[in-house]
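Coordinates in review
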Amino acid sequence: MQIQLNGERHDLAGQPTITDLIDTLGLAGRRIAVEVNEQIVPRSQHAATRLAEGDRVEVVHAIGGG
Amino acid sequence: MTDPQLDQPWHVAGREFTSRLLVGTGKYRDLEETAAAVAASGAEIVTFAVRRTNLGQDADAPNLLDAVSPERYTLLPNTAGCYTASDAVRTCKLARELLDGHNLVKLEVLGDDRTLYPNVVETLKAADELVRDGFDVMVYTSDDPIVARELENRGCKAVMPLGSLIGSGHGLLNPASLRLILENATVPVLVDAGIGTASDAALAMEMGCAGVLMNSAIAHARHPVVMAGAMRKAIEAGREAFLAERMPRRAYAQASSPTQGLINE
């Protein structure tokens, strides 16, 4: 299936959870935050939240800024 | 050292701070320089931006939060780069998730990319929403005293007017307006943006600001770590001068030495 990940099309096999997606991206254990369809998905719910076709997913982190 | 009889820690949203210098983390050469400059500034509150994670890149790349740790500093996520209230609110919610529920944020909603001047209409809208959602909002705004009052009335915990345009280094271009904001406000007023060098920061403090937030003035100095130290001292000097209450200005000279006992009398 296909999702929008940080504004780009992204193909996924099966129906992964957010935890699966983070693992696939090599971001496990990193300080990130995840939003699906403009709603925050708290870290505690990553394992239980399955992604669906067409979901718009944002993965963000802290960066230098003023 | 500031006389403890006179100076007190300052507070924002129930949190207590001693340092009145707040610093940004942008525009440094690398994270090592960022960490060194932040440490030299003595800042306790450090602001950062929230951006999309670069996917497919080195996942072991160092992270800002490793260099400037949430255990050591009070981190202040900002909404820099947001041009609408809804983008700013989304960014704050992402930041709160990123920092495990930490709810102190710096709201800024920009008007255009040439001036980075605040869009106060969108800023007011975003402030309403964020306050309703339980955020403690420190808000970047224009130097309009009425807008500052409106933001305070909406529940913002600190009002942060610009001294001049972000990254311009022009210092305080409208001290008269800043004075009006300071006279009216019951929340801390901090100058955010426009500081160019140490005297600009000292002037803001001499006027009675609770603090100053800066990024470029340190990061774009030829020697950022040295400038960070200069800013720390300027903030302290300006604060002490404010507490000491300066002498009145006079139109004519007034001799400092006795006028009696001159040898030619």
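The name an unreviewed UniProt entry gives chain B is Thiazole synthase, with Modicisalibacter tunisiensis as the organism. Taken from UniProt, the Catalytic activity (unreviewed entry) comment for chain B reads in full: "[ThiS sulfur-carrier protein]-C-terminal-Gly-aminoethanethioate + 2-iminoacetate + 1-deoxy-D-xylulose 5-phosphate = [ThiS sulfur-carrier protein]-C-terminal Gly-Gly + 2-[(2R,5Z)-2-carboxy-4-methylthiazol-5(2H)-ylidene]ethyl phosphate + 2 H2O + H(+)".

For chain A, the name recorded in an unreviewed UniProt entry is Sulfur carrier protein ThiS, with Modicisalibacter tunisiensis as its organism.

This part covers the overall build of chain B. Within chain B, the regular secondary structure consists of 9 helices and 10 strands. Computed over C-alpha atoms, the radius of gyration of chain B comes to 20 Å, within 12% of the 18 Å expected from 2.2 N^0.38 for 265 residues, which places it in the range of a compact globule. Seen through its C-alpha atoms, chain B measures out along the principal axes to roughly 85 × 40 × 40 Å. Counting every position in chain B, which comprises 265 residues, the buried fraction comes to 50%. Nonlocal contacts in chain B, meaning residues at least 24 apart in sequence, comprise 66% of its contacts between residues at least 6 apart. On chain B, roughly 13,000 Å² of surface is accessible, and the fraction owed to carbon and sulfur atoms is 50%.

Once that is clear, we can look at the nonpolar core. One broad rule of soluble globular proteins: the nonpolar side chains tend to lie buried together. All names here are of chain B. By size, the foremost hydrophobic cluster in this structure holds 48 residues, and its most contacted members are Phe48, Leu75, Leu178, Ile195, Met214, Ile218 and Met231. Of all the elements, helix H9 (residues 224-244) adds the most residues to this core, at 5 residues. Non-local contacts of Ile195, meaning those with residues more than four positions away in its chain, are made with Gly169, Gly171, Leu172, Asp200, Ala201, Val212, Met214, Ala217 and Met231.

Summing up the model confidence of chain A, the mean pLDDT is 95 and the portion of residues at 70 or higher is 100%. Of all secondary-structure elements in chain A, the lowest mean pLDDT belongs to strand E2 (residues 8-11) of chain A, at 94, while strand E3 (residues 33-36) of chain A reaches the highest, 97.

A word on the interface of chain B and chain A. In this assembly, 31 residues from chain B lie in contact with 27 residues from chain A. When chain B packs against chain A, the two sides together hide about 2,600 Å² of surface, and 53% of this comes from carbon and sulfur. One can count 5 salt bridges joining chain B with chain A. Between B:Asp100 and A:Arg43 there is a salt bridge, and its shortest N-O distance comes to 2.8 Å. Connecting chain B to chain A are 13 residue pairs in polar contact (both at pLDDT 80 or more). Bridging between strand E5 (residues 56-64) of chain A and strand E4 (residues 45-52) of chain B involves 5 bridges; their strand directions are antiparallel.

A few words now on the sheet that holds strand E8 (residues 158-161) of chain B. Pairing between the strands of a sheet comes from backbone hydrogen bonds, and it takes one of two forms, parallel or antiparallel. All names here are of chain B. One open sheet holds the 3 strands; their spatial order is E6-E7-E8, and the pairing between them is parallel. Strands at the two margins of the open sheet, each flanked by one partner only, are strand E6 (104-107) and E8. Sheet twist, expressed as the mean angle between neighbouring strand axes with direction ignored, is 20°. Pairing geometry for E6 and strand E7 (residues 136-141), over 4 bridges, is parallel. Across the sheet, Val105 pairs through a bridge with Val137, a residue of E7. Its contacts with the sheet place helix H4 (residues 120-132) against E6 and E7, and it is angled at close to 175° to E7.

Okay, the state of the cysteines next. Residue and element names in this part refer to chain B. Here the structure, examined in full by the defined rule, presents 0 disulfides over all chains. For the unlinked cysteine Cys92, the closest cysteine sulfur is that of Cys82, found at 7.6 Å. Between Cys156, a cysteine without a disulfide, and Cys92, which holds the nearest cysteine sulfur, the sulfur-to-sulfur distance is 11 Å. Cys156 sits in the buried class, given a relative accessible area of 2%.

To continue, consider helix H7 (residues 198-206) of chain B. Residues and elements named next belong to chain B. Those residues of H7 that sit buried are Asp200, Ala201, Ala202, Ala204 and Met205. Along its buried surface, H7 packs onto strand E9 (190-192), strand E10 (211-214) and H9. A positive phi of about 110° marks Gly208, the residue just after H7.

Bringing the packing of aromatic side chains into the picture now. Under the counting rule described, the total for this entry stands at 1 aromatic pair over all chains. The positively charged end of B:Lys106 is found above the aromatic ring belonging to B:Tyr140, 5.9 Å away from the centroid.

Residue and element names in this part refer to chain B. Side chains Thr74 and Leu76 of strand E5 (residues 74-77) all project onto a buried face; the interleaved residues Leu75 and Pro77 project onto the opposite face, where all are buried too. The pairing of E4 with E5 spans 4 bridges and is parallel. Counterpart to Thr47 in the pairing with E5 is Leu76.

Before going further, it helps to examine the pairing of E10(B). Every regular strand shows the same layout, with side chains that alternate between the two sheet faces. All names here are of chain B. Neither face of E10 is open: one carries Gly211 and Leu213, the other Val212 and Met214, and all of them are buried. Both strand E3 (residues 21-23) and E10 contribute to a ladder of 3 bridges, which runs parallel. Bridging across to E10, Leu22 finds its partner in Leu213. Pairing between E9 and E10: 3 bridges, direction parallel. Looking across to E10, one finds that Asp192 is bridged to Leu213. As for the winding sense of the linkage, the β-α-β connection from E9 through H7 to E10 is right-handed.

Criteria and thresholds
- Residues numbered from 1 in each chain as written.
- Chains lettered and ligands numbered in written order.
- Predicted model: local features only at pLDDT ≥ 70, side-chain atom pairs only at ≥ 80, totals over all residues.
- Heavy atoms only, no water.
- UniProt positions renumbered as here; feature names shortened; annotations may be inferred.
- Helix = DSSP H or I, 4+ residues; strand = E, 2+ residues; numbered from the N terminus.
- Rg over C-alpha atoms; globule rule 2.2 N^0.38 Å.
- Buried < 20%, exposed > 50% of the residue type's maximum accessible area, 1.4 Å probe, protein only.
- Contact = heavy atoms within 4.5 Å.
- Areas by Shrake-Rupley, 256 points an atom, 1.4 Å probe, with all protein chains shown as cover.
- Core = buried A, V, L, I, M, F, W, Y, C linked by side-chain atoms within 4.5 Å.
- pLDDT = per-residue confidence, 0-100.
- Buried area = accessible area lost by both parts, 1.4 Å probe.
- Salt bridge = Lys/Arg side-chain N within 4 Å of Asp/Glu carboxyl O.
- Polar contact = N/O pair within 3.5 Å; in protein donor to acceptor, adjacent residues only side chain to side chain.
- Pairing = 2+ DSSP bridges.
- Axes fitted to C-alpha atoms, helices over the stretch in contact; angles between N-to-C directions.
- Disulfide = S-S within 2.5 Å.
- Phe/Tyr/Trp six-rings, centres within 6.5 Å; stacked < 30°, edge-to-face > 60°.
- Lys NZ or Arg CZ within 6 Å of the ring centre and 35° of its normal.
- Right-handed = clockwise from strand over helix to strand, strands pointing away.

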